Amino acid sequence: MSIENYKLFKWIGGKSWISNKLNEKTNEIIKDKNITTYIEPFCGGLGSFLSIFETLKNNGIKEVILNDLNSNLIFLYEQIKLNPNGLFETYEKIENEFKNLIPTEAKFLHKTKDKVELKILLKEANNFYLEKRKILNQLISENESQSVLERSAIFLFILKHNFNGIYRENSKGEINSPFNWEALNINLISFKKSILNLSELFNSFNIKFCNLDIDDFFNIVYIDHDKTFFFFDLL
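Everything in this summary refers to the structure shown in the same document. Not measured: the values here are computed from a predicted model.

**Some remarks on helix H8 (residues 188–203)**
Moving on, step 1. Between its first and last C-alpha, H8 extends 22 Å over 16 residues, near the 22 Å set by a 1.5 Å rise per residue.
Moving on, step 2. For H8, the full list of buried residues reads Leu188, Phe191, Ser194, Ile195, Asn197, Leu198, Ser199, Leu201 and Phe202.
Moving on, step 3. Its side-chain oxygen placed 3.2 Å from the backbone nitrogen of isoleucine 189, asparagine 187 serves as the N-cap of H8.

**Digging into the packing of aromatic side chains**
Moving on, step 1. Inspection of every chain in the model, using the stated rule, returns 23 aromatic pairs.
Moving on, step 2. Taking 6.0 Å as the distance between ring centres and 75° as the angle between the ring planes, the aromatic pair formed by phenylalanine 98 and phenylalanine 179 counts as edge-to-face. With phenylalanine 98 in helix H4 (residues 84–99) and phenylalanine 179 in the loop between helix H7 (148–161) and H8, this pair connects stretches of sequence that are 81 residues apart. In terms of burial, phenylalanine 98 and phenylalanine 179 fall into one category: buried.

**Some points on the environment of asparagine 23**
Moving on, step 1. Assignment of secondary structure puts asparagine 23 in helix H1 (residues 19–30).
Moving on, step 2. Along the sequence, asparagine 23 and serine 48 sit 25 residues apart, while their C-alpha atoms lie 9.4 Å from each other.
Moving on, step 3. The contacts of asparagine 23, once residues within four sequence positions are left out, are Ser51, Ile52 and Thr55.
Moving on, step 4. Side chain to side chain, asparagine 23 and threonine 55 meet in a polar contact 2.4 Å long.

**Some thoughts on the pattern of salt bridges**
Moving on, step 1. All chains considered together, the criterion is met by 1 salt bridge.
Moving on, step 2. The partner of lysine 25 in a salt bridge is glutamate 28, with the nearest N and O atoms 3.5 Å apart. In this pair, lysine 25 and glutamate 28 both sit in helix H1, 3 residues apart, roughly one turn of the helix.
Moving on, step 3. Under the relative-accessibility criterion, lysine 25 is labelled partly exposed at 46%.
Moving on, step 4. Given a relative accessible area of 54%, glutamate 28 falls into the exposed group.

**Brief notes about the layout of surface pockets**
Moving on, step 1. What the second largest pocket holds in volume is close to 200 Å³.
Moving on, step 2. In this structure, the second largest pocket is lined by Leu8, Phe9, Lys10, Leu159, Lys160, His161, Asn162, Asn164, Gly165, Asn180, Glu182 and Leu184.
Moving on, step 3. In terms of residue class, the lining of the second largest pocket is built from 4 nonpolar, 5 polar and 3 charged.

**Observations concerning the state of the cysteines**
Each disulfide consists of one covalent bond between the sulfur atoms belonging to two cysteines.
Moving on, step 1. Considering all chains together, one arrives at 0 disulfides under this definition.
Moving on, step 2. Among the cysteines around cysteine 43, which has no disulfide bond, cysteine 210 carries the closest sulfur, lying 9.3 Å off.

**Description of the nonpolar core**
Moving on, step 1. Tyr38, Phe49, Leu56, Leu66, Tyr77, Tyr91 and Phe202 are the most contacted members of the largest nonpolar core, which has 62 residues in total.
Moving on, step 2. In terms of residue count, H7 provides more of this core than any other element does, 7 residues in total.
Moving on, step 3. Excluding residues within four positions of it along the chain, tyrosine 38 makes contact with Phe49, Ile52, Leu56, Ile61, Glu63, Val64, Ile65, Leu66, Phe229 and Phe231.
Moving on, step 4. The next biggest cluster of nonpolar side chains, apart from the first, holds 6 residues, and it includes Ile65, Cys210, Phe217 and Ile223.

About the cut-offs
- Residues numbered from 1 in each chain as written.
- Predicted model: local features only at pLDDT ≥ 70, side-chain atom pairs only at ≥ 80, totals over all residues.
- Heavy atoms only, no water.
- Helix = DSSP H or I, 4+ residues; strand = E, 2+ residues; numbered from the N terminus.
- Expected span 1.5 Å × (residues − 1).
- Buried < 20%, exposed > 50% of the residue type's maximum accessible area, 1.4 Å probe, protein only.
- Polar contact = N/O pair within 3.5 Å; in protein donor to acceptor, adjacent residues only side chain to side chain.
- Phe/Tyr/Trp six-rings, centres within 6.5 Å; stacked < 30°, edge-to-face > 60°.
- Contact = heavy atoms within 4.5 Å.
- Salt bridge = Lys/Arg side-chain N within 4 Å of Asp/Glu carboxyl O.
- 1 Å grid on protein atoms, 1.4 Å probe; cavity = no way out; pocket = protein on both sides within 12 Å on 5 of 7 lines; lining within 4 Å.
- Points joined across faces, edges and corners; volume = space filled by probe spheres on them.
- Nonpolar A, V, L, I, M, F, W, Y, C, P; charged D, E, K, R; others polar.
- Disulfide = S-S within 2.5 Å.
- Core = buried A, V, L, I, M, F, W, Y, C linked by side-chain atoms within 4.5 Å.

This is the structure in structure tokens:
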């Protein structure tokens, strides 16, 4: 199955564009070795892991540890693993509310050529996006376990509609990615399938998600170095 069947959003620094080289090198390193665990301390948007997971499986790797300092990503991945249908249903409600704010005529305009007209037509959509972003930042600051599902669904919505797919934070750690000013119509049937595909993939491994800085990660997480393949993506 193509990596596109698992990807949910754009992420700066993704490695899917070099997936063939990643697979060749990974297979070269771990083939015929007693490697049981794959660890990625900076997993980001999962471009590397999604590129090589079949190679990992084919070489008998069953244990996977994915870590990132961005708690929004880690909470989202945990929801995809444990509660994909609940996540999609919560996200779908937000997406449908947003869709109802898009005037029909905006759907036929070009994002660049017609940007002045689009900014008028998508004013309510932009306000909706900004309100959801405000709610998300509030949920992040409160960090309550009971709000993780809502937080992850809104985060997913922001990732789908932020400007040019660029995730951004301010100096306070608040998400401040602006609206994309586009009448983007998400294919919800296809998107649900991608969430379920990713959930199935996560559950095909004994996978653990961590939200630690690099020092704490190596101090807290037990690692059998002789049986572990590390992938360090520092870009």
